[in-house]
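For reference, the chains in residue letters:
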Amino acid sequence: MSGSRKPQILKGFRDYLPEQMLLRQEVMQRIRRVFESHGFEPLDTPVLEYMEILTGKAGENEKLMYHFQDAGEREIGLRYDLTVPLARFVAMHQNDIALPFKRYHIAPVWRAEKPQRGRFREFWQCDADIVGIESTLADAEAVSTFVDAYRAIGLTNAVVAINHRKLLEALALMAGVPGDRAAGVFRIIDKLDKIGADKVRTELLDFGASETAADAVLRIITTRGTNDDLLDLAESELGGIEQGRIAINELRSLVKHLQALGVPADGYRIDLALARGIDYYTGPVWEAQVEEPKIGSVGGGGRYDGLVGTFLGRDIPATGISLGIERIVEVIQEFDLLPTSRSTAQVAMVNIEETISQAGEIARELRAAGINIDQSLSSKSIGQQLKYADRRGIPYALIPGTEELANNQISLKNLSTGDQITIDRDLAIGKIQQLLNDQKGDSE
RNA sequence: GUACCUAUAGCUCAACGGCAGAGCGCUUGUCUGUGGAACAAGAGGUUCCGGGUUCGAAACCCGGUAGGUACCCCA
C-alpha cells in the first residue's frame, strides 16, 4: 500500500451526505405526491441520448451539453433537461400511450456551466408534463400542479410569474427587431428586475430599437398592476400585432382556467417582462420565483407545441413544469422551511452483551410494527452508546437491562430530554408508536 | 467562456518575511447500568498542488487545481 490515488470529484458535481439525502428525499417525495395527486404517471428515460436528439431545438444551450463519442464512435450526450427526452419518448411510443399523456419524471440532468450558488453541473429536476392538449386548460393544470408543489414543500412565498412567448415576439416586432434576432430582445427584457429600466432601455437602443420603440416596450414591461390591468395595457399596446392578440387571448383564458381550478390568486401573477431562455417554448411560459435568497428561479416551464413534431413530423401539443431540487433545497435550508430528521432510525437499541438475544427479538418485533430501529453494534459503555445515538439524531433509545428483562420490561429513553421510563415489553411497541406520532404532530 | 476574491487542525478562523496557534469538536479519565455540564489530560498539520524570489516563505511572485462572487446563461 505505497502510493494512493487522490480522492476527488468533478467540478460542479457533489456527494450527498446522509443528512442532505434525507432532506432531498423528503422534498422529492412531497413533490411526487403532488404530481400523483394531479394524476401524473411516473416515467424514466436513459441519461444518455444520441447527440442529435438533444440538439434539435437547443439553440445556444447546445454548448453547455456534455458531449462525447462512445467506443463505437457514436455521438453521445448527457441529457440537458427532461423535456427533450420526453418529446423523443412520445414520438417513439405513440402506440403505447393514450393522449393526453400525463407523466412526471424526477431525475438528474447535466449542464457544463460554471458552478455558483444554486448552480451545479449535475442537478435534479422534477418535471410534470401534459402531452396532447392544445387548450390553455392544460397550461392551467400544469401551473396548478406547480403552485401546489411549492406549497407542499414549504416554499409558500414562491410566486409563479406568467408570460407568453408570442407576447414577447410582439414586443420584439414593436421594437423593430426581426424574428431571427428576437431572442436577443427577450434576454434584454428578462433582465429588467436585475439591471433596472434605464439599462434595459440602453441595451434595447444598442440592439437596434428606436427611441420611441424602446420607450413603448418599457412602458409595457415596467407597469405594475393587477393581472387584468396588465393584460388590458398589453392589449391596447400590442393588440394590433397578431402575435400580441393571440398571446393576450391565451393569457386571459389561462387566468380564467386558473381561477376555475381554484389556484390561489397569490400563487401566480402576470409578468410581461418574463422571458425564459429555452428556444422550444411556443406559448405561455412561467417561472417560479423567490425573493430570497438571490438564486434566480426555482423552477420553470411552458408550452412547447413544436418539440414532439421535430421527432414525429406532425406536431403534438405539450405543456409542463420543471422544479429544480438544488435551488429548492437551498431556499429550504436558508429559512429552515421543512422539519427534517437527521437519521432514518427512530429508536436505538443499546447493546448489552448479556441480553443481546432478547434485545434482538424485541428489535425484530419493532421492525415488524414499522418502527425503524438501529441495533447498536458497540461494545462501549451504555453512556457512550447513548451519546452516539443522540449525535446521530436518533430520538429514542431502548436499554435492554438485565433487571428490566427479568421482569419482562425494558427501559425507553428520550434522548433529547433525557426522560426515561421502564415499561412492559408487550406495551413497548404501542408506547413508541404513540410517542413518534406525537412528535410528528409537533413538528408540522 | 470572461473578470474578481479566497484556500492554514474535523469546523470557524488567527499568526509583521523569523519556533504554526485559539475556540469549538474529537479521544481518554474523574463516572462498576445511562450521553449532554464541569474539570483534567491527550490526539490531530505536505499551511491546496507545482515552481520561483529570499539567509529564511503559511505570508511575496508565476502557473495549476478547487471553492465563492459578478457577467453570460440558467433549475
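Along each chain, residue indices are assigned from 1 in the same order as the chain's sequence is written. Key to labels: chains lettered from A, ligands numbered from 1, both in the order written. Totals for whole chains, interfaces and linings use all residues, but because this is a predicted model, local features are given only for residues with pLDDT of at least 70 and pairs of side-chain atoms are given and counted only at 80 or more.

Draft legend 1. Spatial organisation of the protein's contact with RNA strand B. Whether a residue is near a molecule or strand depends on its C-beta atom, placed from the backbone, lying within 6 Å of it. The environment of RNA strand B is made up of 45 residues, and the closest members are Gly 277, Gly 324, Asp 390, Gly 401 and Gly 418. The element best represented in the surface near RNA strand B is helix H14 (residues 382-391), accounting for 5 residues. Helix and strand assignments follow DSSP, with helices taken as H or I runs no shorter than four residues and strands as E runs no shorter than two, numbered in order from the N terminus.

Draft legend 2. Quick peek at the sheet that holds strand S12 (residues 347-349). At least two DSSP bridges between two strands are required for those strands to pair. Across the sheet, 5 strands lie side by side as S13-S12-S14-S15-S16; this open sheet has mixed pairing. Each edge of the open sheet carries a strand with a single partner, namely strand S13 (373-375) and strand S16 (420-424). Direction aside, the axes of adjacent strands within the sheet are offset by 25° on average. When S12 meets S13, the two strands line up parallel, connected through 3 bridges. For Ala 348, the partnering residue across the bridge sits in S13 and is Asp 374. Across the sheet, helix H13 (residues 356-368) is in contact with S12, S13 and strand S15 (409-414); its angle to S13 comes to roughly 160°. To obtain an axis, a line is fitted to C-alpha atoms, over the contacting stretch when the element is a helix, and the angle between two such axes runs from 0 to 180 degrees between their N-to-C directions. Residues are defined as contacting one another if the C-beta atoms placed from their backbone atoms lie within 7 Å.

Draft legend 3. Inspection of the sheet that holds strand S4 (residues 75-78) at higher detail. Read across the open sheet, the 3 strands follow the order S2-S4-S3; overall the sheet is antiparallel. Looking at which strands have only one partner, the edges of the open sheet turn out to be strand S2 (48-50) and strand S3 (67-69). Within this sheet the neighbouring strands show an average axis-to-axis angle of 40°, counted without direction. Bridge analysis of S2 against S4 gives 3 bridges, and the strand direction is antiparallel. Among the inter-strand pairings, Leu 48 is bridged to a residue of S4, identified as Leu 78.

Draft legend 4. Seen up close, unusual backbone geometry. Look at the link from Leu 99 to Pro 100: it is a cis peptide, with omega at -5°. With respect to the helices and strands, Pro 100 occurs in the loop between helix H3 (83-92) and strand S5 (101-110). The backbone of Asp 336 shows a phi angle near 55°, a positive value even though the residue is not glycine. One can find Asp 336 in the loop between helix H12 (325-335) and S12. One non-glycine residue, Asn 408, adopts positive backbone phi at about 60°. Judged by local crowding, Asn 408 falls into the exposed class, with 10 C-beta atoms found within 10 Å. Burial in this document is a count-based property: other C-beta atoms within 10 Å of a residue's C-beta are tallied, and the residue is buried at 20 or more, exposed at 12 or fewer, or partly exposed in between, with C-beta positions derived from the backbone.

Draft legend 5. Helix H6 (residues 182-190), seen in detail. When we look at burial in H6, the residues that qualify are Val 185, Phe 186, Ile 188, Ile 189 and Asp 190. Among the structural elements, helix H5 (165-174), helix H7 (192-207) and helix H8 (211-222) are those in contact with the buried residues of H6.

Draft legend 6. Region of interest: the packing of helix H9 (residues 227-238) against helix H10 (residues 242-260). The interhelical angle for the contact between H9 and H10, taken along N-to-C directions, is 165°, at an axis separation of 9 Å. The angle between H9 and H10 places the two elements in the roughly antiparallel class. You can see that H9 and H10 cross each other, and the crossing is left-handed. For the pair H9 and H10, contact is made by Asn 227, Leu 231, Ala 234, Glu 235 and Leu 238 and by Gly 244, Ile 248, Leu 251, Arg 252 and Val 255, respectively. Split by residue class, the contact of H9 with H10 holds 6 nonpolar, 2 polar and 2 charged. With respect to orientation, any angle under 35 degrees is reported as roughly parallel, any angle over 145 as roughly antiparallel, any angle of 65 to 115 as roughly perpendicular, and every other angle as oblique. Definitions for this section: a left-handed crossing has its near helix turned counterclockwise from the far helix by less than a right angle. A right-handed crossing has that turn clockwise. Amino acids are sorted into nonpolar (Ala, Val, Leu, Ile, Met, Phe, Trp, Tyr, Cys and Pro), charged (Asp, Glu, Lys and Arg) and polar (every other residue, Gly among them).

Draft legend 7. Expanded view of the pairing of strand S6 (residues 122-131). Most of S6 sits out of view: 7 of its 10 residues are buried. As paired strands, S5 and S6 are joined by 10 bridges and run antiparallel to one another. Across the sheet, the residue bridging to Phe 101 is Val 131, located in S6. Both S6 and strand S11 (residues 318-324) contribute to a ladder of 7 bridges, which runs antiparallel. In the sheet register, Ile 130 faces S11, and the bridge partner there is Thr 319.

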